[in-house]
Amino acid sequence: MLSFLLSACDESPAPGGGDAGPPPWDGTSTPLEDLGDVVETGRHDACQFINPESLDPLLCERLTAFDLSSCSPGELSGAEGQGIFQVNLRGEMRVRAGQPTTTSISRNTVSVRLHTDGTPDAMNSGPLVARVTEGGTFFLAGRRSLAIPSGNIITTTALAGCHVPAPGVITGCYVSCSSDARFGKTLGTFVAQRMTWAAGEGESSGGLSLVSEAATPVSRAVDLFVAKEHAYVVSLNASPRLGGLSVFDVRDRRTPVLKKTLSLPDDTDWNGVWAKDDALYIASNSSGLVILDIREPANPIFVRRAEGPYSVHTVLVDGDRLYANAPGTGTYVYDVSKPLEPTLLQIVTPTPGGFSGGPHDVFAYQGRLYISNAESGYSIMDITDLNDVRHLGDYLRPDLAGYAHHSAVGTFAGRTIAFEGGEFNGSHVRVLDVTDPASISLIATHRMRPTVSMHNLLLRGHLLYVAWYHEGLRVLDVSNPTQPRQVAHLNTFREADPGRGHGLFEGTFGVRIPGDGYVYLVDSTRGLIITHEL
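Residues numbered from 1 in each chain as written. Predicted model: local features only at pLDDT ≥ 70, side-chain atom pairs only at ≥ 80, totals over all residues. Heavy atoms only, no water.

Draft legend 1. Representation of the packing of aromatic side chains in the model. Going through the model one piece at a time under the given rule, you end up with 11 aromatic pairs. When the ring of F49 is compared with that of F66, the centres are 5.3 Å apart and the planes differ by 90 degrees; the resulting orientation is edge-to-face. Placement of F49 in strand β2 (residues 48-49) and of F66 in strand β3 (residues 66-67) is noted, with a sequence separation of 17 residues between them. Side by side, F49 and F66 carry an identical accessibility label, which is buried. Pairing Y469 with F505 gives two aromatic rings, centres 5.3 Å apart and planes at 35 degrees, and the pair type is tilted. Here the residue Y469 occupies a position in the loop between β35 (463-467) and β36 (473-477), and F505 occupies one in the loop between β37 (485-490) and β38 (508-512), the gap between them amounting to 36 residues. Judged by relative accessible area, Y469 falls into the buried class, the value being 1%. Taking the relative accessible area as the measure of exposure, F505 reaches 26% and is therefore partly exposed. Linked through ring pairs, Y403, F424, Y469, F505 and F509 together constitute an aromatic cluster. (Phe/Tyr/Trp six-rings, centres within 6.5 Å; stacked < 30°, edge-to-face > 60°. Helix = DSSP H or I, 4+ residues; strand = E, 2+ residues; numbered from the N terminus. Buried < 20%, exposed > 50% of the residue type's maximum accessible area, 1.4 Å probe, protein only.)

Structure representation (structure tokens):
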């Protein structure tokens, strides 16, 4: 089979091809400069590391290694020493043994959870080795281990707070030391934000009040699909718990009822789901495309695994085509005119020279495939004829760390507009005019807090629904695509939820709108959440 350009992901039922943008938009726009995910604004604070060229690893655990004379103990005394924090690190200097010190900007993140009840604190996946969060001081040092073929690399990162520019926000200086001399030490400044709801926000606005929720008894919930008045929620493994499928009867939206959980032997790491007629398709990280029979909606039955890759990350169905995305390989395109008997038609890849994490997601619209290809950018393919797939154009981000993750596409005032989203801290909605794929222009952006990540998007007419992890569900009016504005939200992330993790990818993962008057969400900890459609 031929191999061409493509990628894939998990989307919701694609909108119709109608024009969603009569007035107020006339189709004109001014191309914007893409500033990247994390906008460069300079150092986060004025504090300094006292001896920047020292390679003494113990300095990465000591508050006395920092010059905090310019800092405000009064502000820091009001900072809460508890909760979940997402931290953006701005690396500004790198010191390595036997090499010149370099001054260049790098970016990284850490996640922190602090307790006041004696529960062990954590930074990323490792423990804190030092903590002082009282008396006008905010100092944390954490350590983590990374296994490599030659052994383990131990990285110690210390955060020294300096100011509190806003409630729940702490800025200061940091240092990160590696046990491997090749990596040495990185110094810079940071901004940390506590992951409570954004200032002034309640649980919901704009009519997105909570109708019901139902937790899954299996592990980390990451995607869902609604069909035959049942919600099918898939979960990833999260040691020591295993993932799989949870089936909820949602005929009474106020009271979802768990009917069944399902996984296969040695096959529980399930990341995406879609349904067509009597078939349910599962994207399995360990066995590829799994096919289940849902003629009895509450009792899915395993049919078989489809021909194709051993690992599928996301899946999308558009008409009689199914797109299954295999990271590092390409998008496998199947004929699903017989839903329980997919037939492999083609393998499409948008990066002939190799992949860097993708393909991750695709969106099919009017004979074109819009490919979110991770670090390799956003690509557009003509897939009208699978035997003659054509590469039409790309949108490459200015920041090397940019990650093309997901998109939704529609027609507005006669123009084809893509709402493209990334992943990782600072990711946000980019509005792209893709009418001419060979000359894609950025015409608008919509951002939330720079320390959080977004996930998936769904376009319904002039409303864009965005699953934004810690920010919950955000609904944007995009009737004028050059001026997206938020009209509703539902916060699903709560620090105190039992089992809630403190990593960057926590909160709302996905959204589905099947047309029954309700919006269905999946939250990594809370599971299935139902609200009214706008």
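Anyway, onward from the coordinates.
Draft legend 2. Seen up close, the nonpolar core. Of all hydrophobic cores here, the largest spans 63 residues; its most connected members are L245, L280, Y281, I282, L322, Y334 and L528. When residues of this core are assigned to their parent elements, the largest contribution, 6 residues, is made by strand β14 (residues 220-227). Listed in part, the 34 residues of the second largest apolar core include M195, I380, V434 and F493. (Core = buried A, V, L, I, M, F, W, Y, C linked by side-chain atoms within 4.5 Å.)

Draft legend 3. Here's a closer look at the sheet that holds strand β28 (residues 378-382). Spatially, β26-β27-β28-β29 is the arrangement adopted by the 4 strands of the open sheet, whose pairing is antiparallel. Looking at the sheet topology across the chains shown, the edges are occupied by β26 (361-365) and β29 (390-395). Across the sheet, the axes of successive neighbouring strands diverge by a mean angle of 20 degrees, strand direction being ignored. Inspection of the sheet shows β26 paired to strand β27 (residues 368-372) by 5 bridges, in the antiparallel sense. Within β27, the position partnered with A364 by the bridge is L369. (Pairing = 2+ DSSP bridges. Axes fitted to C-alpha atoms, helices over the stretch in contact; angles between N-to-C directions.)

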